[in-house]
Amino acid sequence: MKIAEIWNKKKKDIPAVLLFIGVSAALILTSIWAYREFRNSPPYVDAERYPIKGIDVSRHNGMMNLDAAADDGISFIFIKASEGESHKDENFHINYEKAGHAGLKRGAYHFFRFDKDGISQAQNFSRTIGDRKLELGVAIDIEDSGNARGVPLDSIMIRLTDMVDYLILKGYRVMFYTNRSGYEKYLMNSYAGMPLWICSFSSTPFDADWTFWQYDHHGRVKGIPSEVDLNVFVGSRQDWEQIQ
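Residues numbered from 1 in each chain as written. Predicted model: local features only at pLDDT ≥ 70, side-chain atom pairs only at ≥ 80, totals over all residues. Heavy atoms only, no water.

Novice: Just checking my understanding: could you explain helix 4 (residues 118-129) for this structure?
Specialist: Side chains that are three or four residues apart share a direction in an α-helix, a result of its 3.6 residues per turn. End to end, helix 4 covers 17 Å across 12 residues, agreeing with the expected 16 Å (1.5 Å per residue, within 8%). Two or three places before Ile119, at the start of helix 4, stands the capping residue Asp117, its side-chain oxygen 3.2 Å from that residue's backbone nitrogen. Gly130 lies just past helix 4 and shows a positive phi near 65 degrees. (Helix = DSSP H or I, 4+ residues; strand = E, 2+ residues; numbered from the N terminus. Expected span 1.5 Å × (residues − 1). Polar contact = N/O pair within 3.5 Å; in protein donor to acceptor, adjacent residues only side chain to side chain.)

Novice: Honestly, the pattern of salt bridges in this entry has me stumped. Any pointers?
Specialist: Pairing between side chains of opposite charge can happen when their charged atoms approach one another. Summed over the entire model, instances satisfying the criterion amount to 5 salt bridges. Lys80 serves as the salt-bridge partner of Glu83, at 2.5 Å between the closest nitrogen and oxygen. In this structure, Lys185 and Asp144 form a salt bridge, with 3.9 Å as the shortest nitrogen-oxygen distance. Of the two residues, Lys185 is situated in helix 6 (residues 180-187) and Asp144 in the loop between strand 5 (138-141) and helix 5 (153-169); the sequence distance between them amounts to 41 residues. (Salt bridge = Lys/Arg side-chain N within 4 Å of Asp/Glu carboxyl O.)

Novice: Help me understand the pairing of strand 5, please; the structure alone is not making it clear to me.
Specialist: On a regular strand, one side chain projects to one face of the sheet and the next to the other, so that they alternate. Residues Val138 and Ile140 of strand 5 are buried on one face, and the alternating residues Ala139 and Asp141, pointing to the opposite face, are buried as well. In this sheet, strand 5 lies alongside strand 4 (residues 105-111) in parallel orientation, the contact comprising 4 bridges. Bridge assignment links Tyr109 to a residue of strand 5, and that residue is Ala139. With helix 4 bridging strand 4 and the parallel strand 5, this β-α-β connection has right-handed handedness. (Buried < 20%, exposed > 50% of the residue type's maximum accessible area, 1.4 Å probe, protein only. Pairing = 2+ DSSP bridges. Right-handed = clockwise from strand over helix to strand, strands pointing away.)

Novice: Could you clarify how one ought to interpret the side chain of Ser126 in this entry?
Specialist: In this fold, Ser126 is placed in helix 4. Ignoring sequence-local partners within four residues, the contact set of Ser126 consists of Lys170 and Tyr172. (Contact = heavy atoms within 4.5 Å.)

Novice: What's the story with the environment of Ser120 in this structure? I'm lost.
Specialist: Looking at the element boundaries, Ser120 is found in helix 4. In this structure the C-alpha to C-alpha distance between Ser120 and Gly84, which are 36 residues apart in sequence, comes to 8.0 Å.

Novice: Got a minute to help me understand helix 6 in this structure?
Specialist: Buried within helix 6 are the following residues: Gly182, Tyr183, Tyr186 and Leu187. Buried residues of helix 6, viewed axially, fall in a sector of 100 degrees; they line one side. Packing partners of the buried residues in helix 6 comprise helix 5, strand 6 (174-178) and strand 7 (196-199). (Arc of directions from axis to C-beta.)

Novice: Just checking my understanding: could you explain the side chain of Asp229 for this structure?
Specialist: Position of Asp229 among the secondary structure elements: in strand 9 (residues 228-233). Summary of buried charges: Asp229 has no salt-bridge partner, and the nearest side chain of opposite charge, Lys80, is 11 Å away. Side-chain polar atoms of Asp229 contact the side chain of His217, separated by 2.8 Å. When sequence neighbours within four positions are dropped, the list of residues in contact with Asp229 reads Gly54, Ile55, Asp56, Gln214, Asp216 and His217. (Lys, Arg positive; Asp, Glu negative; His and termini not counted.)

Novice: In this structure, what is going on with the nonpolar core? I would like to understand it.
Specialist: With 52 residues, the main nonpolar core has Ile55 and Leu160 as its most contacted residues. For this core, the leading source of residues is helix 5, giving 6 residues. Those residues in contact with Ile55, other than ones at most four positions away along the chain, are Leu66, Ile74, Phe76, Ile77, Phe78, Val221, Ile224, Val228, Asp229, Leu230 and Asn231. (Core = buried A, V, L, I, M, F, W, Y, C linked by side-chain atoms within 4.5 Å.)

Novice: When you look at the pairing of strand 1 (residues 53-57) in this model, what are you seeing that I'm missing?
Specialist: Across the 5 residues of strand 1, 4 count as buried, placing the element largely inside the fold. Two strands pair when backbone bridges link them, and strand 1 and strand 2 (residues 74-83) are joined in this way by 5 bridges, in the parallel orientation. Looking at the pairing, Ile55 lines up with Ile77 of strand 2. Handedness of the crossover joining strand 1 and strand 2 through helix 2 (residues 66-71) is recorded here as right-handed.

Novice: Just to check I follow, could you spell out the environment of Gly235 for this structure?
Specialist: Along the chain, Gly235 falls in the loop between strand 9 and helix 7 (237-241). Each C-alpha atom, one on Gly235 and one on Thr211, is 8.0 Å from the other, the two residues being 24 residues apart in sequence.

Novice: Help me out: how do you make sense of the packing of helix 4 against helix 5 in this one?
Specialist: Axes are the key here: two packed helices are described by the angle between their axes and the distance separating the axes. Relative to each other, helix 4 and helix 5 sit at 40 degrees, their axes nearing to 7 Å. It follows from the interaxial angle that helix 4 and helix 5 lie oblique. As helix 4 packs across helix 5, the resulting crossing turns out to be right-handed. Counted together, Gly118, Ile119, Gln121, Ala122, Gln123 and Phe125 of helix 4 and Arg159, Asp162, Met163, Tyr166 and Leu167 of helix 5 form the full contact between these two elements. (Axes fitted to C-alpha atoms, helices over the stretch in contact; angles between N-to-C directions. Parallel < 35°, antiparallel > 145°, perpendicular 65-115°, else oblique. Left-handed = near helix turned anticlockwise from the far one by under 90°.)

Novice: Mind showing me how you'd approach the packing of aromatic side chains here?
Specialist: Two measures describe an aromatic ring pair: the distance that separates the ring centres and the angle between the ring planes. Applying the stated criterion across every chain, the model contains 18 aromatic pairs. Consider the rings of Tyr50 and Trp213, whose centres lie 5.6 Å apart with planes at 75 degrees: the pair is edge-to-face. Placement of the pair is Tyr50 in the loop between helix 1 (3-40) and strand 1 and Trp213 in strand 8 (residues 212-219), with a sequence separation of 163 residues. For Trp213, a relative accessible area of 0% puts it in the buried group. With centroids separated by 6.5 Å and ring planes inclined at 85 degrees, the aromatic side chains of Phe212 and Trp240 adopt a geometry described as edge-to-face. Taken together, the residues span a long stretch of sequence, with Phe212 in strand 8 and Trp240 in helix 7 at a distance of 28 residues. Side by side, Phe212 and Trp240 carry an identical accessibility label, which is buried. Each residue in the set Phe76, Phe78, Tyr109, Tyr177, Trp197, Phe212, Phe233 and Trp240 is aromatic and connected to the rest through ring pairs, giving one cluster. Of note, Lys105 hangs over the ring of Trp240, and the distance from its end group to the ring centre comes to 4.6 Å. Directly above the ring of Tyr96 sits Arg132, whose terminal nitrogen or CZ lies 5.9 Å from the centroid. (Phe/Tyr/Trp six-rings, centres within 6.5 Å; stacked < 30°, edge-to-face > 60°. Lys NZ or Arg CZ within 6 Å of the ring centre and 35° of its normal.)

Structure representation (structure tokens):
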């Protein structure tokens with residue numbers, strides 16, 4: 001067969017090859033898009049089972065109109081107060097005042113640093129809160145994400161125990177915020193039964209006694225310019241009214 005004949009035959013195959021490549025690329029892109037949509041889609045939350053909705057915020061959420069959020073069905077808010085031994089969230093005080101004006105029940109949270117002294121962290125948290133009333137008490141955020149690596153587990157637990165003991169002695173109602181791995185690693189054996197605010201993107205959060213459930217990092221609420229974390233309270237409206 002002459003070279004020209006071979007080339008003419010192969011040219012006829014080019015459209016089929018290009019079509020195959022195009023279809024394959026489209027399938028790959030569609031799969032990537034579908035996976036991202038799945039990862040970003042919040043689980044189904046039964047409004048009848050969990051009628052009390054809330055949010056948690058920090059300075060990253062910017063300036064907010066929490067009266068508008070309350071009108072949008074939000075009943076409670078956890079506000080970041082501090083982190084580690086010295087960091088204070090610069091919007092804590094104004095977010096606290098706005099939440100009170102909107103009639104939201106308030107809690108404050110502290111991001112626990114594995115490599116920092118527990119008592120110093122508790123003091124930073126306490127000083128930031130001051131004498132402000134917190135209807136929902138205080139939460140210690142304990143998770144691997146964003147934390148120091150390579151810190152021995154026993155060191156982490158000693159620091160956490162020091163922080164918890166200090167806050168309880170100061171009269172605070174303490175709960176923990178974490179996800180499944182954080183609960184199993186840091187809390188299940190030492191703090192089972194303490195109030196728990198759980199982060200889970202499954203429609204059936206794992207089997208533990210929890211009081212609040214954070215189920216979405218990409219929520220939209222009126223009055224808040226950015227995406228915001230969405231939460232619910234486990235319990236009825238009657239149970240909710242008893243919290244002061």
